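Listed below are the residues making up each chain.
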Amino acid sequence: MTEPTHRNLLAHAAGVPQTELPTDIAAAELASASPERVVEIVSAHPASSLGWAILAERSLAADTPAETLIAYAYARTGYHRGLDALRRAGWRGSGPVPWEHEPNRGFLRALWALSVAAGRIGEAEEQDRCSQFLRDSSETAYRELAG
């Protein structure tokens, strides 16, 4: 992956509030779920970015062309569900989404999975954009997920 070409200096500037999502409705179930139950839980709670991120990460781990496409779809769904949740929480398109706030991790993991899947299918521009968005949202998340 290429290094970011720019840094969003306004993302963490004074006066730009951080966004903290409410607890993911499926988080407790997902924490103790067997791999077989994850699909059932996500089907019951399709607004869960965390659920979609877990599905995407599993598909990425399989590392086949077909599973990469499935991961891309899962990650994109989790990313968009996360954007919806961020907007409902007052996010205005920029500003920190801290990794340290546990409920934010589903969105951040989906964003990272989307970056990885995009890279694997040759969507370098989307890969870079998502990677930069992750860094602008939470440098800690970027280090945790990319490391």
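Shown above is the structure to which this text applies.
Residues numbered from 1 in each chain as written. Predicted model: local features only at pLDDT ≥ 70, side-chain atom pairs only at ≥ 80, totals over all residues. Heavy atoms only, no water.

Visitor: Quick rundown of the overall build of the protein chain? Include the residues and the values.
Guide: Assigned secondary structure in the protein chain consists of 7 helices and 0 strands. In the protein chain, which comprises 147 residues, the share counted as buried stands at 43%. About 7700 Å² of surface is accessible on the protein chain, with carbon and sulfur atoms providing 54% of the total. (Helix = DSSP H or I, 4+ residues; strand = E, 2+ residues; numbered from the N terminus. Buried < 20%, exposed > 50% of the residue type's maximum accessible area, 1.4 Å probe, protein only. Areas by Shrake-Rupley, 256 points an atom, 1.4 Å probe, with all protein chains shown as cover.)

Visitor: Describe in detail the pattern of salt bridges, supporting the description with residues and values.
Guide: A complete count under the given rule lists 9 salt bridges for this structure. A salt bridge links Arg-120 to Asp-63; the nearest nitrogen and oxygen atoms lie 3.3 Å apart. Of this pair, Arg-120 sits in helix α5 (residues 105-120) while Asp-63 sits in the loop between α3 (49-62) and α4 (65-88), and the two are 57 residues apart along the sequence. Taking the shortest distance from any N to any O, the salt bridge between Arg-105 and Glu-102 comes out at 3.5 Å. Residue Arg-105 is classed as partly exposed on the basis of its relative accessible area of 23%. If you follow the salt bridges from partner to partner, you end up with Glu-29, Arg-37 and Glu-40 in one network. (Salt bridge = Lys/Arg side-chain N within 4 Å of Asp/Glu carboxyl O.)

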